[in-house]
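Each chain is listed here by its residues.
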Amino acid sequence: MKIRATFLVTLLMAGAWTTSALAQTYPTRSVRVLVGLAPGGGTDTVARVMTQRLSDTLGQSFVVDNRPGAGGNVAGELAARAAPDGHTLIIVTPTHVTNPSLFRDLRYDAIKDFAAVGLIVYAQYYLSVSHTLPVTTVSELLALAKSRAAQPLSYASSGIGSANHLSGELFKTMAGINLVHVPYKGGAPALNALIAGEVQVSFTSSAALPHAKAGRLKTIAVTGAKRSPAAPNVPTIKEAGVPGYEVVGWYGMAAPAKTPKAIIDRLNSTINRALPDLRERYENLGLEIAGSTPAEFSAFLVSERDKWARVVKLSGAKVE
């Protein structure tokens, strides 16, 4: 029995040494970081800021690999099928956890096929209205929408199933109003449509703020639990008239399932240490640094999936 016990202790010590060595030597070559959208957008920018820091800190190149298509599913499937050795990672956003409810033929599990690394930043959305609409507050918008039940106001989004589409659907449900959804092929066309008066309402990114300042549209609320540092005088939707409403965009990192915990932990600690130094760069993009443990991010992904599954079901949204 003593021999067996000694053997088991030796195995455990060897395993611990191997795990420690793995963490210290990772990465051993260039790391591919998948982004499910085209270069130049918000997700791509968030990825490039962080990958540059990871490259500088960990001594190997972290290279962004843009794989747009199917609402992020092209990149998602590539990441899910990649070797779980830490040399393929993916930047995930809310679409990662809404797509299972929107697509009938998703060929991977957004939770089980991935190992959560950590949250990077949060992004507020802004409830904005056309400069021609006679409202300046959420309460006035709700009153106008209710008075126009026969001719509903329209709201723009960057596409079916996008974060601003589902933000609008949740707003409609919780406020008890009707708005007609008008999807566009991206955030920029949707914003331009709002500025031009083709639609009356939109849940926009921080890209709307300069236009609000110039009077080309009116930003009347933010979607998060607290006011945005980028627009501190703009109230949250819940304080402005829809109690309980809260939507926060986010960007995080994940790896293929079964990636060794030592690698996940090293990536996570490197990201968390980098965030304070990157605060200003991200805030200039209208973003707030987040940070989390892998376990916290994993639980967050599940809660976001479940939350938006209910909204998608209520909206009837589907992507064929």
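Going by the structure above, here's the rest.
Heads up: these notes are all about the structure in this document. Position labels on residues start from 1 in each chain and follow its written sequence. For this predicted model, a pLDDT threshold of at least 70 governs which residues receive local features, and a threshold of 80 or more governs which side-chain atom pairs are given and counted, while totals over whole chains, interfaces and linings are taken from all residues. Calculation of side-chain values draws on the structure's entire complement of heavy atoms; hydrogens and water are dropped beforehand.

## So, the pattern of salt bridges
1) Next: One side-chain nitrogen of Lys or Arg within 4 Å of one carboxyl oxygen of Asp or Glu is enough to make a salt bridge. By the definition in use, this model includes 12 salt bridges.
2) Next: For Asp44, the salt bridge goes to Arg48, with nearest N and O atoms at 2.9 Å. Here the residue Asp44 and the residue Arg48 both occupy positions in helix 2 (residues 42-58), the gap between them amounting to four residues, near one helical turn.
3) Next: Assessed through its relative accessible area of 4%, Asp44 is described here as buried.
4) Next: Classification of Arg48 by relative accessible area gives partly exposed; the value is 39%.
5) Next: Note that Lys172 is salt-bridged to Glu169, the shortest N-O span being 3.5 Å. Of this pair, Lys172 and Glu169 are both found in helix 6 (residues 163-175), three residues apart, which corresponds to roughly one turn of the helix. Note on accessibility: Lys172 and Glu169 belong to one class, buried.
6) Next: The structure contains a network of salt bridges with shared partners spanning Arg32, Asp65 and Arg67. Only DSSP runs of H or I reaching four residues or more are called helices, and only runs of E reaching two or more are called strands; each is numbered from the N terminus. The buried label goes to any residue with under 20% of its type's maximum accessible area, the exposed label to any with over 50%, and the partly exposed label to all in between, with areas taken from a 1.4 Å probe on protein chains only.

## Regarding the packing of aromatic side chains
1) Next: We call Phe, Tyr and Trp rings a pair once their centres come within 6.5 Å, taking the six-membered ring for Trp, and we label the pair stacked below 30 degrees between planes, edge-to-face above 60, and tilted otherwise. This model, assessed by the stated rule, comprises six aromatic pairs.
2) Next: A centroid spacing of 5.6 Å and a plane angle of 65° characterise the contact between Phe171 and Phe203, whose relative ring orientation is edge-to-face. Of the two residues, Phe171 sits in helix 6 while Phe203 sits in strand 8 (residues 201-204), which places them 32 residues apart along the sequence. Like Phe203, Phe171 is buried.
3) Next: Here Trp250 and Phe300 contribute two aromatic rings whose centre-to-centre distance is 5.4 Å and whose plane-to-plane angle is 75°, an arrangement assigned as edge-to-face.

## Considerations on the side chain of Thr98
1) Next: Tracing the backbone through its elements, the reader meets Thr98 in helix 4 (residues 94-102).
2) Next: Residues count as neighbours in contact if any of their non-hydrogen atoms are within 4.5 Å of one another. With residues near it in sequence (within four places) discarded, Thr98 still touches Gly161, Leu166 and Trp308.

## Focus on unusual backbone geometry
1) Next: Following Tyr26, the chain continues to Pro27 via a peptide bond in cis, the omega torsion being -5°.
2) Next: With phi around 55°, Ala70 is a residue other than glycine that occupies positive phi space.
3) Next: Mapped onto the fold, Ala70 is located in the loop between strand 2 (62-66) and helix 3 (73-81).
4) Next: For Ala70, a relative accessible area of 44% translates into the label partly exposed.
5) Next: Even without glycine at this site, Lys258 takes up a positive phi of about 75°.

## Structural notes on the sheet that holds strand 9 (residues 217-222)
1) Next: Here, a strand pair is defined by DSSP locating no fewer than two bridges between the strands. One open sheet holds the five strands; their spatial order is 7-6-8-5-9, and the pairing between them is mixed. Looking at the sheet topology across the chains shown, the edges are occupied by strand 7 (179-183) and strand 9. Between one strand and the next, the sheet's axes are offset by a mean angle of 30°, whatever the strand orientation.
2) Next: Note that strand 5 (residues 126-130) and strand 8 share four bridges and pair antiparallel. The partner of Leu127 across the bridge, within strand 8, is Phe203. Axis angles are defined between N-to-C directions and span 0 to 180 degrees, where every axis is a line fitted to C-alpha atoms and, for a helix, only to the segment in contact.

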